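What follows is the residue order along each chain.
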Amino acid sequence: DAKTTQPTSMDCAEGRAANLPCNHSTISGNEYVYWYRQIHSQGPQYIIHGLKNNETNEMASLIITEDRKSSTLILPHATLRDTAVYYCIVRPLSYGQNFVFGPGTRLSVLP
Amino acid sequence: DAGITQSPRHKVTETGTPVTLRCHQTENHRYMYWYRQDPGHGLRLIHYSYGVKDTDKGEVSDGYSVSRSKTEDFLLTLESATSSQTSVYFCAISEPLSYEQYFGPGTRLTVT
């Protein structure tokens, strides 16, 4: 799997947008960018994924640079319940391949 | 939430004793995974299964064995628990070519 680099921790004010960066400079052409999050000892939860186009769903937006070497996860209006560890993962869409979770970014949403 | 349960949710055991953790799913997903999570290491794959009786090793499989005799159950066994196996264990499920894995609530295991 391509390696990703994320900041260790970030703070965000409640109600503001949270922008979480991820570098994946060695990403291959067939590898997708995935984001998961883990809220306080629960199992990780899928947020969003993309290949090269920007993506949006009810939880977040994913912005991928044109060269695909980095991406940003955007939580448009962060709430206290968004406090979690956020994982950026790159991997191909293949049969049964596991996700490799690095240390992620610990996001703290402050009141 | 996906129908995944893990049992037990918490367990304390002594060094050298055998331990079996159970993952049960009601989603009929083909793939099942066992991860462990330790501070500073993220989640690491122990074993996974791609069908009944079909399993393979992950990144940190030493000291662990698995079995899957039914689609819905995936068992993780520590034949002789050691203190280094104190961890939180997560089970996950997915379908082939799926972009999403669904995770269970976790089992906190302490080996004294």
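Cut-offs and rules
- Residues numbered from 1 in each chain as written.
- Chains lettered and ligands numbered in written order.
- Predicted model: local features only at pLDDT ≥ 70, side-chain atom pairs only at ≥ 80, totals over all residues.
- Heavy atoms only, no water.
- Helix = DSSP H or I, 4+ residues; strand = E, 2+ residues; numbered from the N terminus.
- Contact = heavy atoms within 4.5 Å.
- Buried < 20%, exposed > 50% of the residue type's maximum accessible area, 1.4 Å probe, protein only.
- Core = buried A, V, L, I, M, F, W, Y, C linked by side-chain atoms within 4.5 Å.
- Disulfide = S-S within 2.5 Å.
- Phe/Tyr/Trp six-rings, centres within 6.5 Å; stacked < 30°, edge-to-face > 60°.
- Lys NZ or Arg CZ within 6 Å of the ring centre and 35° of its normal.

**Focus on the side chain of Arg68(A)**
Move 1: Position of Arg68(A) relative to the elements: it lies in the loop between strand E6 (61-64) and strand E7 (70-75).
Move 2: The residues contacting Arg68(A), other than those within four sequence positions of it, are His24(A), Ile27(A), Ser28(A), Gly29(A), Asn30(A), Glu31(A), Leu51(A) and Lys52(A).

**Here's the deal with the environment of Thr83(A)**
Residue and element names in this part refer to chain A.
Move 1: Counting through the fold element by element, Thr83 comes out in the loop between E7 and strand E8 (84-92).
Move 2: Its relative accessible area of 31% is what places Thr83 among the partly exposed residues.
Move 3: Distance from Thr83 to His40, taken between C-alpha atoms, is 8.4 Å for residues 43 residues apart in sequence.
Move 4: Ignoring any residue separated from it by four or fewer positions in sequence, one finds Thr83 in contact with Ile39, Leu107, Ser108 and Val109.

**Concerning the nonpolar core**
Residue and element names in this part refer to chain A.
Move 1: Within the largest apolar cluster, 21 residues are counted, with the highest numbers of intra-cluster contacts made by Trp35, Leu73, Tyr86 and Leu107.
Move 2: Only strand E2 (18-23), strand E3 (31-38), strand E4 (45-50), E6, E7, E8 and strand E9 (105-110) provide two or more residues apiece to this core.
Move 3: Here this core gets 4 residues from one element, more than from any other, and that element is E8.
Move 4: Beyond its immediate chain neighbours, meaning those up to four positions away, Tyr86 contacts Gln6, Leu20, Trp35, Tyr36, Arg37, Ile47, Leu73, Leu75, Gly104, Thr105 and Leu107.

**Examining the state of the cysteines**
Residues and elements named next belong to chain B.
Move 1: Summed over the entire model, instances satisfying the criterion amount to 2 disulfides over all chains.
Move 2: Across the disulfide from Cys23 sits Cys91; the S-S distance is 1.9 Å. The sign of the S-S torsion, about -70 degrees, decides the handedness of the disulfide formed by Cys23 and Cys91: left-handed. In this pair, Cys23 sits in strand E3 (residues 19-25) while Cys91 sits in strand E9 (residues 87-94), placing the two residues 68 residues apart along the sequence.

**Here's the deal with the packing of aromatic side chains**
Residue and element names in this part refer to chain A.
Move 1: In this structure the tally under the stated criterion is 16 aromatic pairs over all chains.
Move 2: Between Phe99 and Phe101, the ring centres sit 6.4 Å apart and the planes meet at 50 degrees, which makes this aromatic pair tilted.
Move 3: For Phe99, a relative accessible area of 1% gives the class buried.
Move 4: Phe101 gets classed as buried once you look at its relative accessible area, which sits at 3%.
Move 5: Geometry around Phe99 places Arg91 over its ring, the cationic atom sitting 4.1 Å from the centre.

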